[in-house]
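Commentary on secondary and tertiary structure
Now for the letters of each chain:
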Amino acid sequence: MLCSRSLGGLGAGVAALRSRPAGQVRFGAGIRARRVSTSWSPVGAAFNVRPQGRLLDLFGERQGLFGVPELSAPEGFRVAQEEALRRTELLVERVCSTRPGPETVFIFDELSDTLCRVADLADFVKIAHPELAFREAAGEACRSIGTMVEKLNTNVELYQTLQKLIADKKLVDSLDAETRRVAELFMFDFEISGIHLDEEKRKRAVDLNVKILDLSSQFLMGTNFPIKIEKHLVPEHIHHHFVHDKNHIVVDGLHAEAPDDLVREAAYKIFLYPNAGQLKCLEELLSNRDLLAKLVGYSTFSHRALQGTIAQNPETVMNFLEKLSDKLSERAVRDFEMMQGMKMKLNPQNSELMPWDPPYYSGVIRAERYNIEPSLYCPFFSLGACMEGLNILFNKLLGISLYAEQPAKGEVWSEDVRKLAVVHESEGLLGHIYCDFFQRAEKPHQDCHFTIRGGRLKEDGEYQLPVVVLMLNLPHSSRKSPTLLTPGMMENLFHEMGHAMHSMLGRTRYQHVTGTRCSTDFAEVPSILMEYFSNDYRVVNQFARHYESGQPLPKAMVSRLCESKKACAAADMQLQVFYATLDQIYHGKHPLRKSTTDILKETQEKFYGLPYVPNTAWQLRFSHLVGYGAKYYSYLMSRAVASMVWKECFLQDPFNRAAGERYRREVLAHGGGREPMLLVQGMLQKCPSVDDFVDALVSDLDLDFETFFMDSQ
């Protein structure tokens, strides 16, 4: 998962990659190579031992979080935010008095960087720091910076300064391609906030934005809210599967993996029972999004949201989803029949396949057919071995090595956080990755990539190196063994490291478009591509060794694991098509022709195949409607692109250095400075069609490309 934030007109939101136009910074051009540090140590060993000595450093000088001096104590956030706000005022004065030209864009980006360096860091600390005082101070910093951003987004003089540049065609044409695109992105962000409207409409846009923010927060809270139901309404023999609260059963999820059919059915019907308040909240959220989109000049919210993406517009998205659904339908039907057969075998009295069944029965089919019990694989996937595998892969593909670096006292928020230096064989230090990999109390249960500091070319010619955090939830090592990963954990590690390398290798001039700050439907491409590497035996064989015996993971086990992922995969993908289509309809033409629940029922029957269950409202638990409104299709689109890149560039040889360098040059290096489709074209040497995207996804279900080489050797 890519965790990103947007600060409106001046924020570092997600943006798209691009290859280098004339005048853009090349990998080493004008930037001195960073010297190698003698404190770096091999990455594999660092992750298979517990950290030593950091807590005993009682007399060393205390540094701040991430090396920021002010953040040695919670109070430092106030100092950091006040300095950022002071500097912001100066930069606003400077840009408004500067003659329109390239410097205008540079100052805008510096303004964005000044705010994001506090806000992005605080965004992470407020959810991840174990100390309440730090979390609260970081939360206050976020609010303070957010208030300033709202002020800047309604600063007409600031907007007009940028508009003067954009309106001067001769001047715009004289800008290099990256600078021109960044100027246009800043302008786009301004105008979707309504600043170009007259005063009355501008106030209306501000009010709508505030209301949408409040409704989004309210809806998001409601998506996870547990349901209490009186005990006598639930069959007594399944009570023990749920939490009890006096005379009530508490249902806090779908219990999708529960072996008992009745437990899954009860959880589904109770957890998804319509809540009038949540329903009203969703309707208001969708309506207000539509009003805002129309106010700022778009026919629907979806048209507004898809600007600058691979798809570009909702018509293309729906074409993609409908064609994909057509290609999947027969395969999905076969999957459902297979699951129904398994249900009939295990529960002959009630064999109709229902929406609460697929996660469980597809898991049973995979386990029965392929013998992929995680405990058989874990001994081969120690965390240290997996990190060494990543190191080997990056070294062969990109000439990059990962080194463990001892953080200073106070630099990290928990003693088990590891700091990695990312080092190129000729360019030196490229950036740092802080690995917050282990479980702890109150830590969010999510796997995420956080940008702490974006890369950019500074005024003095030095390059501001990127800093990111990868957050996982892995078990700690024990006295008997190092941290051992399941195959799913290993794949997630590769996925998140894909995001990290996207950030590390971005070398844009502007931080507004650095690394992962790219269009939503491209942002997951580098991370999903890493999943393909993690499923290739030639890659796995480089590192998967039994932590005790040193024996390699047998080819047959990797083959079974890869093939198991295709079992019922068409039905899984069909479900994603249903969700993405529902998202498009909700954010399409308003007023909606039916209630959100009637639309759900109709869309489920057309795009999924399993029956709608009366008196349920799954859409009220659809949390992605907040962060991925009109963009839920993005994961499917990103997977299609990643599949094409894998097959075209790395299938023949996953360690092909020439392909790796091209991937860096055409994709990773260029952040959001180019339209995402141009990035795809640069890597694939062709412009893919919707049919190409669909075929790439469908071929993954059939073609045994993961194990083809194993079987032929």
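Here the structure is a predicted model, which is why all the values come from computation and not from measurement.

**Regarding empty space enclosed by the protein**
Enumeration over the complete set of coordinates arrives at 5 cavities of 30 Å³ or more. As for the largest cavity, its lining consists of 14 residues, and the residues nearest its centre are Phe394, Leu398, Met530, Tyr663 and Leu668. Its residues assigned to classes, the lining of the largest cavity shows 12 nonpolar, 2 polar and no charged. Its volume calculated, the second largest cavity comes out at about 60 Å³. Surrounding the second largest cavity, Phe381, Pro487, Met490, Ser534, Asn535, Val540, Leu553, Val558, Leu561, Cys562 and Lys565 form its lining. Elements supplying a minimum of two residues to the lining of the second largest cavity: helix H16 (487-505) and helix H20 (555-564). With 3 residues, H20 is the single largest residue contributor to the lining of the second largest cavity.

**Considerations on the packing of aromatic side chains**
All told, the structure shown has 27 aromatic pairs when counted by the stated rule. Between the aromatic rings of phenylalanine 66 and tyrosine 434, the centroid separation amounts to 4.9 Å while the plane-to-plane angle is 85°, which identifies the pairing as edge-to-face. With phenylalanine 66 in the loop between helix H1 (43-47) and helix H2 (76-96) and tyrosine 434 in strand E8 (residues 428-438), the pair connects residues that are 368 residues apart, well separated along the chain. On the basis of relative accessible area, phenylalanine 66 is assigned to the buried category, the value being 12%. The class for tyrosine 434 is buried, based on a relative accessible area of 3%. Look at phenylalanine 108 and phenylalanine 186: their rings are 5.5 Å apart centre to centre, the planes differ by 50°, and that puts the pair in the tilted class. Within this pair, whereas phenylalanine 108 is found in helix H3 (residues 102-128), its partner phenylalanine 186 is found in helix H7 (residues 177-191), the two being separated by 78 residues in sequence. Both residues of the pair, phenylalanine 108 and phenylalanine 186, belong to the buried class. Pairwise contacts between aromatic rings join Phe336, Phe578, Tyr579, Tyr608, Trp618, Phe622 and Tyr632 into one cluster. Its end group placed over the ring of phenylalanine 655, lysine 396 keeps NZ or CZ at 4.6 Å from the ring centre. Just above the ring of phenylalanine 271 sits the side chain of arginine 621; from NZ or CZ to the centre is 3.5 Å.

**Re the confidence of the model for the protein**
For the protein, the mean per-residue pLDDT works out to 90, and 91% of the residues sit at or above 70. Overall, residues 1-33 carries pLDDT values under 50, and its contacts beyond four positions in sequence, including any with other chains, amount to 139 contacts. Overall, residues 705-713 carries pLDDT values under 50, and its contacts beyond four positions in sequence, including any with other chains, amount to 21 contacts.

**Description of the layout of surface pockets**
Looking at the second largest pocket, its volume works out to about 790 Å³. Lining the second largest pocket are 34 residues, with Val68, Asp113, Arg117, Arg453 and Gln464 sitting closest to its centre. Looking at the lining of the second largest pocket, the elements that each hand over two or more residues are H2, H3, E8, strand E9 (448-453) and strand E11 (463-464). Sort the elements by how many residues they give to the lining of the second largest pocket and H3 lands first, with 6 residues. Grouping the amino acids of the lining of the second largest pocket by side-chain chemistry returns 16 nonpolar, 5 polar and 13 charged.

**Re unusual backbone geometry**
The omega torsion of the bond from histidine 590 to proline 591 falls at 0°, within 30 degrees of zero and hence cis. Along the chain, proline 591 falls in the loop between helix H21 (569-586) and helix H22 (596-607). Even without glycine at this site, glutamate 442 takes up a positive phi of about 70°. Position of glutamate 442 among the secondary structure elements: in the loop between E8 and E9. Note on glutamate 442: relative accessible area 66%, which makes it exposed. Its identity is not glycine, yet cysteine 568 carries a phi of approximately 65°, on the positive side.

**Description of the nonpolar core**
Judged by nonpolar contacts, the single largest core of 165 residues is most densely connected at Phe320, Leu324, Phe381, Met387, Ile433, Phe437 and Phe650. Counting residues per element, this core draws most heavily on H21, which supplies 11 residues. Dropping the residues within four chain positions of it, methionine 387 is found in contact with Val43, Phe47, Leu420, Phe437, Leu493 and Met497.

**Side note on the sheet that holds strand E5 (residues 248-251)**
If you walk across this open sheet you meet the 3 strands as E3-E5-E4, and the pairing is antiparallel. With partners counted over all chains shown, the strands left at the sheet margins are strand E3 (227-230) and strand E4 (243-245), one partner each. Looking at each pair of strands side by side, their axes are set apart by 35° on average, direction ignored. Strand direction decides the pairing type here: E3 and E5, joined by 4 bridges, are antiparallel. The residue bridging glutamate 230 from the neighbouring strand is histidine 248, located in E5.

**Overview of the pairing of strand E12 (residues 467-474)**
Of all 8 residues in E12, 8 are buried; the element is thus mostly enclosed. Here E12 shows two buried faces, one formed by Val467, Val469, Met471 and Asn473 and the other by Val468, Leu470, Leu472 and Leu474. Note: E8 against E12, 6 bridges, orientation parallel. Its bridge partner being in E12, cysteine 435 is matched across the sheet by leucine 470. When E9 meets E12, the two strands line up antiparallel, connected through 5 bridges.

**Quick notes on the pattern of salt bridges**
Taken as a whole, this structure holds 42 salt bridges when the rule is applied. In this structure, aspartate 176 and arginine 509 form a salt bridge, with 2.9 Å as the shortest nitrogen-oxygen distance. Of this pair, aspartate 176 sits in the loop between helix H6 (169-174) and H7 while arginine 509 sits in the loop between H16 and helix H17 (520-523), placing them 333 residues apart in sequence. Taking relative accessible area as the criterion, arginine 509 reaches 17% and is therefore assigned buried.

**Brief notes about the packing of helix H24 (residues 634-650) against helix H26 (residues 676-684)**
Two elements in contact, H24 and H26, have axes whose closest approach is 10 Å; the angle formed by their N-to-C orientations is 20°. Between H24 and H26, the angle is such that the two are roughly parallel. For the pair H24 and H26, the crossing hand works out as left-handed. Between H24, through Val641, Met644, Val645, Glu648, Cys649 and Phe650, and H26, the contact on the second element is made entirely by Val680, Met683 and Leu684. Counted by class, the contact of H24 with H26 contains 8 nonpolar, no polar and 1 charged residues.

Parameters at a glance
- Residues numbered from 1 in each chain as written.
- Predicted model: local features only at pLDDT ≥ 70, side-chain atom pairs only at ≥ 80, totals over all residues.
- Heavy atoms only, no water.
- 1 Å grid on protein atoms, 1.4 Å probe; cavity = no way out; pocket = protein on both sides within 12 Å on 5 of 7 lines; lining within 4 Å.
- Points joined across faces, edges and corners; volume = space filled by probe spheres on them.
- Nonpolar A, V, L, I, M, F, W, Y, C, P; charged D, E, K, R; others polar.
- Helix = DSSP H or I, 4+ residues; strand = E, 2+ residues; numbered from the N terminus.
- Phe/Tyr/Trp six-rings, centres within 6.5 Å; stacked < 30°, edge-to-face > 60°.
- Buried < 20%, exposed > 50% of the residue type's maximum accessible area, 1.4 Å probe, protein only.
- Lys NZ or Arg CZ within 6 Å of the ring centre and 35° of its normal.
- pLDDT = per-residue confidence, 0-100.
- Contact = heavy atoms within 4.5 Å.
- Core = buried A, V, L, I, M, F, W, Y, C linked by side-chain atoms within 4.5 Å.
- Pairing = 2+ DSSP bridges.
- Axes fitted to C-alpha atoms, helices over the stretch in contact; angles between N-to-C directions.
- Salt bridge = Lys/Arg side-chain N within 4 Å of Asp/Glu carboxyl O.
- Parallel < 35°, antiparallel > 145°, perpendicular 65-115°, else oblique.
- Left-handed = near helix turned anticlockwise from the far one by under 90°.

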